[in-house]
Amino acid sequence: MLSQLLLTLCFPYFWRDLLFLLKVLRYGARLELTKLTRSARTVLDRFVQQARRIPDKPFVVYEGRVHTYRDVELRSNRLANVFLDSVKLRKGDCVGLLMNNEPDFLCAWFGLAKVGCSVAFLNTNIRSKSLLHCFDCCGAKTLVVGSDLVEGLDGVLDVLLEDNIQVWAMGGPGGHPRVHTLLDKLDAASDQPVAAALRAAASLKSPTLYIFTSGTTGLPKAAVITHLQSLKAAAGFWAFGATEDDVMYIPLPLYHSAASLIGIGGTIELGASCVLKKKFSASQFWTDCRKHNVTVFQYIGELCRYLCNQPKTAGDQVHKVRMGVGNGLRQDVWREFQSRFGNIKMCEVYGSTEGNLCFMNHIGKIGTVGRSNFFYRLLFKYDLVKYDMVKDEAVKDPNGFCQRVEKGETGLLLSKVSALSPFFGYAGSKQLTEKKLMRNVFGKGDAYFNTGDLMAEDRDGFICFKDRVGDTFRWKGENVATTEVTETLGLVDFIQEVNVYGVEVQGHEGRAGMAAVILRAGMAFDGGKLFEHVTRDMPPYARPLFIRLQDVMEMTSTFKQQKFQLVHSGFNPSTTSDPLYVLDYQQQSYIPLTDGIYRSIQAGERKL
Ligand SMILES: *[C@@H]1O[C@H](CO)[C@@H](O)[C@H](O)[C@H]1NC(C)=O
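Fair warning: this is a prediction, and the values are worked out from it, not measured in the lab.

### Re the overall build of the protein
Point 1. Helix and strand counts for the protein come out as 20 helices and 30 strands.
Point 2. Its C-alpha atoms give the protein a radius of gyration of 25 Å, within 12% of the compact-globule value 25 Å for 608 residues.
Point 3. Evaluated residue by residue, the protein yields a buried proportion of 57% over its 608 residues.
Point 4. Within the protein, counting contacts between residues at least 6 apart in sequence, those at least 24 apart form 69% of the total.
Point 5. Carbon and sulfur atoms provide 53% of the accessible area of the protein, an area that totals close to 27,000 Å².

If you want it as structure tokens, here you go:
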């Protein structure tokens, strides 16, 4: 009795931590068991099972139309048959999938998986050069493209075909003459399942998907997603307490791991229903939720902010939404969101697509991404180490080892790579994989996954995200790799040297892209030309919003470009004598950033 009282006083979260952990462990044990049995049970196996168990239950609701588990099962069977007979795909092939959110994304994905192909999800924003690079990474020889995206391929189609990559559109005839079509072959195809042996996974550690992330260097990297990782992600909703009676709202792009692995995978795991949106719309959000009795939604921080920015209505709290699952929610938005829309439990999940560590905020404490405790530390070996922001590198002791931070202090999050927490790396590049690893961190021979995130852990074990280091920042929910932007800007004829970084803008999540530029001798800055180059070659989120002209580029003591000072000096024209420019879509140019424009950005009047 007394000991229990003490326990509760000293460790107020003890029981909730323990229960959560037991739940996760039970799932983990089940996974370990299936690993031992010969044929591994995958997320797709689970889907086939659910389609048999609850065929008439809505699986996906899209633009008002209900697609039941049976509908998706049969259509993906037809597609699997077409993939075998017409496309001539074979088990073990890798196929690129370039589609916007729609039910056929899922049918194509499952159809390919039924044939035993691994699927590379391609970001629909990426442009020519990056797209070609994505094929190289994962060795895909076939591209399946949504019918609405065929036109956008114009610039790369020739190169793809030259490289012997077959292009198949999710559409009927009448499109591009050199693109094959899938949908006209569906009617004649059987809806009977293809042999189950085709989809059987040799091991849970074999790759099933490639998901592209803008890593810390250069072009997008293909994170290898094994069956094991997709099974773990599919348990997310369940771990947070969702059930098969829940209706999930998925407004995020399916080519990201959050929507596909946690959202769709989680819906399948539970046998629940989901409402899929082609694109997030703040004005339709609550109407959709009411209409479809949505109970759980997926978010990124920006999305909650957009919802808060909508005009208030009397019905703001009239809905059945009880839980949000996502990441990047800032404290102020979190508070405002809950006070305005009611007591919705916000479950932050921290973890990168390729990372080997995951935090889940099962307590729902505002402003934290997760919670560590005694049990958690047994399972995951992670550390926060001292980081020098100015030099842009970890602080080393005289022996060359990293130093742990004190409780409450901010440090770089590293996660130990071990058999329990393996790091599967990136497809097609051992070098990139190695770059994400830090070796000899606390002792000779150890290896840690470098998350690139600065975090702090308080006395109660709550962990909160502080900042991101080095070469990436987030904007509009996407990772921007500064090196990729640098490379693209470097191709402009009047630019001699570029330094790309992200600056904070009041009222916006993440950081807006900014580039410090040195002009070539004798050449002038041409805003129109730069605009044209940037809009042609870069996805919207990666385009630098601000340009700063400089005479010399400062370097750190280790000869890296100095970013720290630039980041802190921001884009306020009254605090620097360097000429500043801002991206302007109306004038289709980079125009001088005046005090007036600066103020309208700060006041949230100018759309960024
Ligand atoms: C939502 O719930 C209400 C009341 O429980 C029910 O009448 C309605 O049919 C449900 N709507 C949908 C789309 O399931």
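### What about the pairing of strand β26 (residues 495-503)?
Point 1. Burial within β26 is extensive, with seven of its nine residues counted as buried.
Point 2. Note: β26 against strand β27 (residues 512-519), eight bridges, orientation antiparallel. Across the sheet, tyrosine 501 pairs through a bridge with methionine 514, a residue of β27.

### With respect to the site of the ligand
Point 1. Near the ligand, the surroundings consist of Lys291, Asn293 and Lys320.
Point 2. One of the side-chain N or O atoms of asparagine 293 is found 2.4 Å from an oxygen atom in the ligand.
Point 3. A distance of 3.2 Å separates an oxygen atom of the ligand from a polar side-chain atom of lysine 320.

### A closer look at helix α13 (residues 301-309)
Point 1. Burial runs high along α13: seven of the nine residues are buried.
Point 2. Taken together, the buried positions of α13 are occupied by Gly301, Glu302, Leu303, Cys304, Arg305, Leu307 and Cys308.
Point 3. At its buried positions, α13 is contacted by α12 (285-291), β12 (296-300), β13 (323-327), α14 (331-341), β14 (345-350) and β24 (472-475).

### Remarks on the packing of aromatic side chains
Point 1. On inspection of all chains with the given rule, the structure shows 24 aromatic pairs.
Point 2. When the ring of phenylalanine 47 is compared with that of phenylalanine 59, the centres are 5.3 Å apart and the planes differ by 50°; the resulting orientation is tilted. Taken as a pair, phenylalanine 47 in helix α3 (residues 43-53) and phenylalanine 59 in strand β1 (residues 58-62) lie far apart in primary sequence, twelve residues in all.
Point 3. Centre to centre, the rings of phenylalanine 105 and tryptophan 109 are 6.5 Å apart; their planes meet at 85°, and the pair counts as edge-to-face. Of this pair, phenylalanine 105 and tryptophan 109 both sit in helix α5 (residues 103-115), separated by four residues, roughly a single helical turn. For the residue pair phenylalanine 105 and tryptophan 109, the accessibility class agrees, reading buried in each case.
Point 4. Taken together through their ring pairs, the aromatic side chains of Tyr249, Phe280, Phe285, Trp286, Phe297, Tyr299, Tyr306, Phe337 and Phe341 make up a single cluster.

### A closer look at the sheet that holds strand β7 (residues 180-181)
Point 1. A sheet is described by the order of its strands in space; here seven strands give the open sequence β7-β6-β5-β3-β4-β8-β9, paired in mixed fashion. Each edge of the sheet is formed by a strand with only one pairing partner; in this case those strands are β7 and β9 (221-226).
Point 2. The pairing of strand β6 (residues 166-170) with β7 spans two bridges and is parallel. Across the sheet, alanine 169 pairs through a bridge with threonine 181, a residue of β7.
Point 3. Where helix α11 (residues 257-270) meets the sheet, it contacts β4 (118-121), β8 (207-213) and β9, and its direction lies at approximately 145° from that of β8.

Conventions used here
- Residues numbered from 1 in each chain as written.
- Predicted model: local features only at pLDDT ≥ 70, side-chain atom pairs only at ≥ 80, totals over all residues.
- Heavy atoms only, no water.
- Helix = DSSP H or I, 4+ residues; strand = E, 2+ residues; numbered from the N terminus.
- Rg over C-alpha atoms; globule rule 2.2 N^0.38 Å.
- Buried < 20%, exposed > 50% of the residue type's maximum accessible area, 1.4 Å probe, protein only.
- Contact = heavy atoms within 4.5 Å.
- Areas by Shrake-Rupley, 256 points an atom, 1.4 Å probe, with all protein chains shown as cover.
- Pairing = 2+ DSSP bridges.
- Near = heavy atom within 4 Å.
- Polar contact = N/O pair within 3.5 Å; in protein donor to acceptor, adjacent residues only side chain to side chain.
- Phe/Tyr/Trp six-rings, centres within 6.5 Å; stacked < 30°, edge-to-face > 60°.
- Axes fitted to C-alpha atoms, helices over the stretch in contact; angles between N-to-C directions.

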